[in-house]
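Each chain, letter by letter, is given below.
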Amino acid sequence: MHICMVMAGDEEGGLEKHVVEMANGLVQLGHQVSLIAHEKYADRVKGVNFIALDLTRSRKNPVILWQLYQAIKKMDVDVLHAQANKAASMIAPLLNWLKIPAVATLHNLKRNTSTFNKFDRIIAVSQRVAAQFESQERVRVVLNGIQLPEKRKSKALPHFRIQVIAIGRLVEAKGFDLLIESWQGIDAHLWIVGDGPDKVLLMEKIQQLKLEHTIQLLGHRNDIEQLLKQADVLVISSRNEGGPYTLSEALLQYCPVISTDVGMVPEILPQHMICPPNDVNALHQLIEKHLSNFSQLVEDSRPAFELAEQQLTIEAMIQNTVQVYEELVNA
């Protein structure tokens, strides 16, 4: 098949990682792939027909929409795939003229999902995201997956002082402010990996609570895989989330995860490893409970490790996405 994917973002998050890996993976399977995205991603894809177009401006900009329409119209495409809400909202008004089978992926919870109703198929990254749609007839759930790490080792024993890691952009949705507040009285070390607009606020909060000796902001890092190997536990503190990718990354490294109840987390982790989002006390209790009995946490995580190997790899994600394409084209 010839698949044309459209991405409107220009950040360094899970969405961008998802699209780049999906494009490269589809090419490796023998599909022809075109990707319309910001020029910064051009050197991250191989064997892909890359079309640089800055879609970061207004989604109603008539010049940009015309350029987008022209770029797609010039190609002989079997499936058009809009990645995330903004790309979907830009593609939706063009569908009547393009006459191409179209798929849109929704990566997170949205107040208004009406734009997606114009697509032939909707891919949701979790059951919770899928549940936003009244009609499920055109909705398919495809969990986010990553490349299986080459060398993995079970974390039978923690460091002398348990090393916890949290990963993501420093924005309100990730709940790192809640995580810092919940860390009071926790006898463990915490790395927060990532960069973003809330960096100064989080630094100030760490200083105010006198947690400088137990919490480190590591900034943006390119060695996440190595950091997960060094860490004993991943904690996800998000207020809202689509995937998250960090869940897959940690579990495939045999790194136990405790999390707030967001995204696909309840589909992967047992309920006793999850707490309500946006609740500092609940998050503190969850962390304290599982860090105080690390060996039990590892044992309870084994079913999640096995599930991750079956469903949270990039191979599984791409295979499930291709099934959606084939279903649509054959229909």
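Summary of the structure given here. (Residues numbered from 1 in each chain as written. Predicted model: local features only at pLDDT ≥ 70, side-chain atom pairs only at ≥ 80, totals over all residues. Heavy atoms only, no water.)

1. Some words on the overall build of the chain
Here is step 1 of the chain: Within the chain, the secondary structure is distributed over 13 helices and 13 strands.
Here is step 2 of the chain: Here the C-alpha coordinates of the chain stretch approximately 60 × 40 × 40 Å along the principal axes.
Here is step 3 of the chain: Looking at the chain as a whole, 54% of its 331 residues are labelled buried.
Here is step 4 of the chain: Taking contacts inside the chain between residues at least 6 apart in sequence as the whole, the part at least 24 apart equals 65%.
Here is step 5 of the chain: The distance from the centre of the 33 positive side-chain charges to the centre of the 38 negative ones in the chain is 4 Å. (Helix = DSSP H or I, 4+ residues; strand = E, 2+ residues; numbered from the N terminus. Buried < 20%, exposed > 50% of the residue type's maximum accessible area, 1.4 Å probe, protein only. Contact = heavy atoms within 4.5 Å. Lys, Arg positive; Asp, Glu negative; His and termini not counted. Charge placed at Lys NZ, Arg CZ, Asp CG, Glu CD.)

2. Overview of the sheet that holds strand 9 (residues 189–193)
Here is step 1 of the chain: With parallel pairing, the six strands of this open sheet are ordered in space as 10-9-8-11-12-13. Unpaired on one side and paired on the other, strand 10 (215–219) and strand 13 (274–275) mark the two borders of the sheet.
Here is step 2 of the chain: In this structure, strand 11 (residues 233–236) lies alongside strand 12 (residues 257–260), joined through three bridges in parallel fashion. When the sheet's bridge partners are listed, I236 is paired in strand 12 with S259. (Pairing = 2+ DSSP bridges.)

3. Some remarks on the sheet that holds strand 3 (residues 49–52)
Here is step 1 of the chain: Sheet architecture is open: seven strands sit in the order 3-2-1-4-5-6-7, paired in parallel fashion. Every other strand in the sheet has two partners, leaving strand 3 and strand 7 (139–141) as the edge strands with one partner each. Neighbour-to-neighbour, the strand axes of the sheet open up by a mean angle of 20 degrees, direction not taken into account.
Here is step 2 of the chain: Where strand 6 (residues 121–124) meets strand 7, three bridges bridge the pair, whose relative direction is parallel. Paired with A124 across the two strands is V141, which belongs to strand 7.
Here is step 3 of the chain: Its contacts with the sheet place helix 13 (residues 314–330) against strand 1 (2–7), strand 4 (79–83), strand 5 (102–106), strand 6 and strand 7, and it is angled at close to 170 degrees to strand 6. (Axes fitted to C-alpha atoms, helices over the stretch in contact; angles between N-to-C directions.)

4. Thoughts on helix 11 (residues 280–291)
Here is step 1 of the chain: The terminal C-alpha atoms of helix 11, which comprises twelve residues, lie 16 Å apart, in line with the 16 Å expected from a rise of 1.5 Å per residue.
Here is step 2 of the chain: Buried within helix 11 we find V280, A282, L283, H284, L286, I287, H290 and L291.
Here is step 3 of the chain: Contacts made by the buried residues of helix 11 are with strand 8 (163–167), helix 6 (176–182), strand 11, strand 12, strand 13 and helix 12 (294–311).
Here is step 4 of the chain: Near the N-terminus of helix 11, the side chain that reaches the backbone nitrogen of N281, with its oxygen 3.2 Å away, is that of D279. (Expected span 1.5 Å × (residues − 1). Polar contact = N/O pair within 3.5 Å; in protein donor to acceptor, adjacent residues only side chain to side chain.)

5. Regarding the pairing of strand 9
A regular strand places its side chains so that they alternate between the two faces of the sheet.
Here is step 1 of the chain: In terms of residue burial, strand 9 counts as a mostly covered element, since five of its five residues are buried.
Here is step 2 of the chain: Judged by which residues are buried, strand 9 turns out to be covered on both faces: H189, W191 and V193 on one side and L190 and I192 on the other are all buried.
Here is step 3 of the chain: Relative to strand 9, strand 8 runs parallel, the two being bridged by five bridges. What sits directly across from Q163, in strand 9, is H189.
Here is step 4 of the chain: Read from strand 8 through helix 6 to strand 9, the crossover connection turns out right-handed.
Here is step 5 of the chain: Taken together, the four bridges between strand 9 and strand 10 define a ladder with parallel strand orientation. Pairing of L190 across the sheet is with I215, part of strand 10.
Here is step 6 of the chain: For the crossover that starts at strand 9, traverses helix 7 (residues 199–208) and ends in the parallel strand 10, the hand is right-handed. (Right-handed = clockwise from strand over helix to strand, strands pointing away.)

6. Here's the deal with the pattern of salt bridges
Here is step 1 of the chain: Inspection of every chain in the model, using the stated rule, returns twelve salt bridges.
Here is step 2 of the chain: Ionic pairing is found between D177 and R239, a salt bridge with its closest N-O pair at 2.8 Å. Residue D177 is found in helix 6, and its partner R239 is found in the loop between strand 11 and helix 9 (245–251); the two are separated by 62 residues along the sequence.
Here is step 3 of the chain: The exposure class of D177 is partly exposed, given its relative accessible area of 25%.
Here is step 4 of the chain: A salt bridge links D223 to R221; the shortest N-O distance between them is 2.9 Å.
Here is step 5 of the chain: A single salt-bridge network, built from bridges that share partners, covers K17, E21 and E249. (Salt bridge = Lys/Arg side-chain N within 4 Å of Asp/Glu carboxyl O.)

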